[in-house]
Amino acid sequence: MPDIKAELKKEVSRRKTFAIISHPDAGKTTLTEKLLLYGGAIRLAGSVKARKANKYAVSDWMEIEKQRGISVTSSVMQFEYNNFCINILDTPGHQDFSEDTYRTLVAADSAVMLIDGAKGVEAQTIKLFHVCKLRGIPIFTFVNKMDRASKDPFELMEEIERVLGIRSYPMNWPIGTEGDFKGVYNRKLKQIELFGGGEHGQSQVSSTVGKVDDPIFADLLGSHYHDKLCEDIELLDMAGDEFDKKKIRSGELTPLFFGSAMTNFGVQPFLEEFLELAPSPGVITTSETEIDPESDKFSGFIFKIQANMNPTHRDRLAFLRICSGKFTKGMSVKHVNAGKEIRLSQPQQFMAQERTIIEEAYPGDIIGLFDPGIFNLGDTLYEGNGNVKFEGIPIFPAEHFARVTPADTMKRKQFIKGIDQLSEEGAIQVFKQIDIGIEALIIGVVGALQFEVLEYRLKNEYGVQLRIQNLPYRHARWIENEGLDPRKLNLPSTAVIVEDKLGRNSILFENEWSIRMAEERNKDLKLVDIATQDFKVRKF
Ligand code: G4P
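Residues numbered from 1 in each chain as written. Predicted model: local features only at pLDDT ≥ 70, side-chain atom pairs only at ≥ 80, totals over all residues. Heavy atoms only, no water.

Structural notes on the packing of helix H12 (residues 412-424) against helix H13 (residues 449-462)
Helix packing for two helices is described by the angle between their axes and how far apart those axes are. In plain terms, the rule: Interaxial angle, 0 to 180 degrees, is taken between N-to-C directions of lines fitted to C-alpha atoms, where a helix line uses only the stretch in contact. We count a stretch as a helix when DSSP gives it H or I for four or more residues in a row; a strand needs E for two or more, and each element gets its number in order from the N terminus. Oblique is the label for every angle not falling under 35 degrees (roughly parallel), over 145 degrees (roughly antiparallel), or within 65 to 115 degrees (roughly perpendicular). Crossing handedness is defined as follows: a turn of the near helix away from the far one that is anticlockwise and smaller than a right angle gives a left-handed crossing, while the clockwise case is right-handed. Whether two residues are in contact is decided by their heavy atoms, any of which lying within 4.5 Å being enough. Each residue is assigned to one class: nonpolar for Ala, Val, Leu, Ile, Met, Phe, Trp, Tyr, Cys and Pro, charged for Asp, Glu, Lys and Arg, and polar for all the others, Gly among them.
Contact pair H12 / H13: the axes reach a minimum separation of 10 Å and the direction vectors enclose 125°. Relative to H13, the element H12 is oriented oblique. Between H12 and H13 lies a crossing of right-handed hand. On H13, the residues touching Gln414, Phe415, Lys417, Gly418, Ile419, Gln421 and Leu422 of H12 are Leu454, Arg457, Leu458 and Tyr462. The residue inventory of the contact of H12 with H13, partitioned by class, reads six nonpolar, three polar and two charged.

Listed below in structure tokens is the structure:
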């Protein structure tokens, strides 16, 4: 009998599961590629080229996958490095930004925030950061594209604090930020790491160790850059935050790394520090109990459902994040929300497109389960008899709204069926307008592309043509006050009162200004922008 306790301890401690959050074009694909390169999951850099030809395909990785015959996909990428087992969760960006992008963060133990050094903190990063902050997960910041002119690094630190409300601790410090990048000063190792230039570099950079005021650095850098570096480091040491692992773990302080993914400068040191500082899967607190990842009872929750990945089958794939115990193919588990015992005997598809069947997996890993329609977002699977139920997946605020009706009224039944299905998958949010007695539903989505997906899928899967009338609303807020009749509220004339699928009252607003106006006019009104407020954060 193998020692399962020891096995779990070992496997949990070497797992690091994280997501990269960024704004499109900051270099997420490039950074991911370099990380995979270090992990040996791909052999050659330069697959960026392959990706380019396929830039707006659903998955940037499909091409690389085909070419190299490896298991990287759009959903999860697993690779080994220095005896760590790393799971990178892909957060769909570009125009396929949707609620899935947010939900993925619920399955991550930490996040890497990637920022374009010249652009600073951008819109999509702010939204994703907000979700990470709510969950209290540690955030590691990589400031990319330092090979080009960038913002002043002090200015960037100030911007991160002002816009995101988190303080940062620079792990290294850039030298030459006006398009004359020389390298970085590594604060921990007290060494200068020189930038060799080049494209898609793979070679090690040279480094020189010594105190920052060591004359050897003056020779290396020239007095202009050396003087500036000495001043900067002195200022950081005096006025900056102290390195504090506890604060990093609790998401109060973000370690800041400067580098360049494309030229492969600073990526390996970043990876190594990240692996040392980032948490492995931790204890999860639910309302009933605490779940220790090293418990011998398997548990996990569904955080994403993807339909019809194979167009010839009407199947769905449910993505499950393992929280405790060991997964083995064919095991029986309790589907807690349905109150049923189910055998995970259907081929277990790992990592979406490739559909490799896996034999075993551990906490922190993501597995794809064949779903004949039995799973919902937030469902718990559990092996034991106890009362284990995870808190469910929050519903994130939609930003685009439309009134949607079937073009042919005779198709109403199929229309409702299709809408129900897509809302169960979490691809759309369904609202009913309650202040007027009309039938038409209001559909809300996080990314505008979801309307195209809705139209396409209703036509192809349910034979229903849609009439979509875009509405001017941009924000949905749930009303937290119990028993409040929303019709009695004094709202701006452009706001509309709706009810969500679970009968909760919400208000749709056109802009932030109207939200503030509603709050000012109705002093007791409590509005929230994420529906499930009780989703517990992990404890480390
Ligand atoms: P994304 O997934 O976050 O959207 O970004 P992606 O990696 O596709 O990178 C966006 C662009 O930024 C790409 O250029 C990429 O080469 C470039 N880039 C990424 N990292 C760096 C870096 O460290 N330095 C510099 N200078 N550029 C970087 P592109 O012209 O859009 O595509 P391509 O021709 O490089 O394929």
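Now that the structure is up, let's keep going.
Comments concerning the sheet that holds strand E29 (residues 496-500)
Sheets are built from strands paired through backbone hydrogen bonds, the pairs being either parallel or antiparallel. Put simply, the rule reads: Pairing between strands requires that DSSP locate at least two bridges from one strand to the other.
Read from one edge of the open sheet, eight strands run E27-E24-E26-E25-E29-E30-E28-E31, paired in antiparallel fashion. Across the chains shown, the open sheet's two edge strands, defined by having one partner strand only, are strand E27 (466-471) and strand E31 (527-528). Summarising the sheet, strand E24 (residues 400-406) and strand E26 (residues 441-445) pair through five bridges and their orientation is antiparallel. By the bridge assignment for E26, Phe401 is matched with Gly444. Sitting on the sheet, H12 is in contact with E24, strand E25 (429-433), E26 and E27, with an inclination near 150° to E24.

Thoughts on the sheet that holds strand E5 (residues 139-144)
Judged by pairing direction, the sheet is mixed, and its seven strands sit side by side in the order E2-E3-E1-E4-E5-E11-E6 without closing on themselves. Edge positions in the sheet fall to strand E2 (76-81) and strand E6 (167-170), since each has one partner strand and no second. Shown here is a sheet whose adjacent strand axes are inclined to one another by a mean of 30°, direction ignored. As paired elements, E2 and strand E3 (residues 84-89) share six bridges and run antiparallel to each other. Each bridged residue has a counterpart across the sheet, and for Gln78 the counterpart in E3 is Asn87. Sheet strands touched by helix H6 (residues 123-135): strand E1 (15-22), strand E4 (110-116) and E5. Its angle to E1, the strand with the most contacts, is close to 145°. Sheet strands touched by helix H7 (residues 153-164): E4, E5, E6 and strand E11 (253-258). Its angle to E11, the strand with the most contacts, is close to 145°.

Considerations on the packing of aromatic side chains
Stated formally: For Phe, Tyr and Trp, rings pair up if their centres lie within 6.5 Å, where Trp contributes its six-membered ring, and each pair is then called stacked (planes under 30 degrees apart), edge-to-face (over 60) or tilted (otherwise). Burial classes follow relative accessibility: with a 1.4 Å probe on protein chains only, a residue under 20% of its type's maximum area counts as buried, one over 50% as exposed, and anything between as partly exposed.
Overall, the coordinates contain 16 aromatic pairs when judged by the stated rule. Seen from their ring centres, Phe142 and Phe270 are 5.3 Å apart, and the 65° between their planes marks the pair as edge-to-face. Remark: Phe270 occurs in helix H11 (residues 267-277) and Phe142 occurs in strand E5; sequence separation between them is 128 residues. As far as burial versus exposure is concerned, Phe142 and Phe270 are alike and both buried. Centre to centre, the rings of Phe181 and Phe195 are 5.0 Å apart; their planes meet at 50°, and the pair counts as tilted.

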